[in-house]
Amino acid sequence: MKGSMWVHFAQLFDTFLNEGDLTICEIGTHSGRSAEQFCGHLAQKPNVKFTYYGYDCFELATQDTKFNELNGKGAGRLIVAQNRLNKITSPNFKFKLIKGWTQDTLKEAVFDFVYIDGGHSYETVKHDHEKVEQSKIVCFDDYQIPTVHQYVNEYVEKHNIPKVDWDLEKIKNTDHTVWSMIPYGGRKAKRFVLGKPVSHRQPVIFRK
């Protein structure tokens, strides 16, 4: 997550996650690149204390699970993710990495920010989101994958959640739950899902 994509995340964090004792959850930590950026950014904020929870199957991933879960990356590495996060030395920062399948490890919880980028099958996306559904901000990665697209669209339609423009100050002052699309139109990612190149599309639900 680099370049213009990260600019939008930094603005989101600066608008909504700028004070207090916060909890951050990433489903699909992989080797910790996104975690390093999320946590490194928050660690610079003097008024923020936060704990990062990272869920991933890490080395348990196989070619079969890669295919079944529509994942374009290979297995993540737990030690690599740990090393990246250990470099963040802020006294206001703690982290916990949880290895295993989220069907076994992810319990119902409410976080300040959730990034869902684990398995991309419809069943897994649904399971993971239902466990963290009441969290304040939930971002789904890879909306361009049909199963993710299907689940998100069904969810916002079922719950009558309106889509709004990506105007963070207006969203912050809105008194009801909304969703918006991160306005990122960058180049295609250097990875493939089922043989096709993908570019990131990321819807975000802001819960009130």
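Scroll up to find the structure.
Bear in mind that the values here come from a model prediction, so they are computed numbers and not experimental data.

Q: What is the right way to read the sheet that holds strand β6 (residues 178-181) from this model?
A: One key point about sheets: their strands pair by backbone hydrogen bonds, in either a parallel or an antiparallel sense. On the basis of which strands lie adjacent, the open sheet formed by 7 strands has the order β3-β2-β1-β4-β5-β9-β6 and mixed pairing. Unpaired on one side and paired on the other, β3 (93-99) and β6 mark the two borders of the sheet. For this sheet, the mean inter-axis angle between neighbouring strands, taken without regard to orientation, is 15°. Examined bridge by bridge, β6 and strand β9 (residues 203-206) share 4 bridges and lie antiparallel to one another. Along β9, the bridge assignment pairs Ser180 with Val204. Across the sheet, helix α6 (residues 122-132) lies against β1 (20-27), β4 (113-116), β5 (137-140) and β9, angled at about 170° from β5, the strand it touches most.

Q: Explain unusual backbone geometry to me, please; I cannot follow it from the model alone.
A: For residues other than glycine, phi is negative in most cases, and the peptide bonds are mostly trans. With phi around 50°, Phe58 is a residue other than glycine that occupies positive phi space. Residue position: Phe58 is located in the loop between β2 (48-56) and α3 (63-68). In this structure, Leu70 takes a positive phi of about 55° despite not being glycine. You can see Leu70 is positioned in the loop between α3 and α4 (78-86).

Q: Help me understand α4 in this model?
A: Since the α-helix packs 3.6 residues into each turn, any two residues three or four apart lie on the same face. Those residues of α4 that fall on the buried side of the exposure criterion are Leu78, Ala81, Arg84 and Leu85. One side of α4 holds all its buried residues, which, seen down the axis, span an arc of 130°.

Q: Would you mind going over the pairing of β9 with me for this structure?
A: Looking along a regular strand, one sees side chains alternate from face to face of the sheet. Burial of the side chains of β9 extends over both faces: Pro203 and Ile205 are buried on one face and Val204 and Phe206 on the other. In this sheet, β9 lies alongside β5 in antiparallel orientation, the contact comprising 3 bridges. By the bridge assignment for β9, Ile137 is matched with Phe206.

Q: Help me understand the packing of aromatic side chains in this model?
A: To describe a pair of aromatic rings, one takes the distance between the centres and the angle between the planes. Summed over the entire model, instances satisfying the criterion amount to 18 aromatic pairs. Measuring from ring centre to ring centre gives 6.3 Å for Phe140 and Tyr151, while their planes differ by 55°; the resulting arrangement is tilted. On the criterion of sequence distance, the pair formed by Phe140 in strand β5 and Tyr151 in helix α7 (residues 146-158) is long-range, its members being 11 residues apart. Pair check on accessibility: Phe140 and Tyr151 agree, each one buried.

Calculation criteria
- Residues numbered from 1 in each chain as written.
- Predicted model: local features only at pLDDT ≥ 70, side-chain atom pairs only at ≥ 80, totals over all residues.
- Heavy atoms only, no water.
- Pairing = 2+ DSSP bridges.
- Helix = DSSP H or I, 4+ residues; strand = E, 2+ residues; numbered from the N terminus.
- Axes fitted to C-alpha atoms, helices over the stretch in contact; angles between N-to-C directions.
- Contact = heavy atoms within 4.5 Å.
- Buried < 20%, exposed > 50% of the residue type's maximum accessible area, 1.4 Å probe, protein only.
- Arc of directions from axis to C-beta.
- Phe/Tyr/Trp six-rings, centres within 6.5 Å; stacked < 30°, edge-to-face > 60°.

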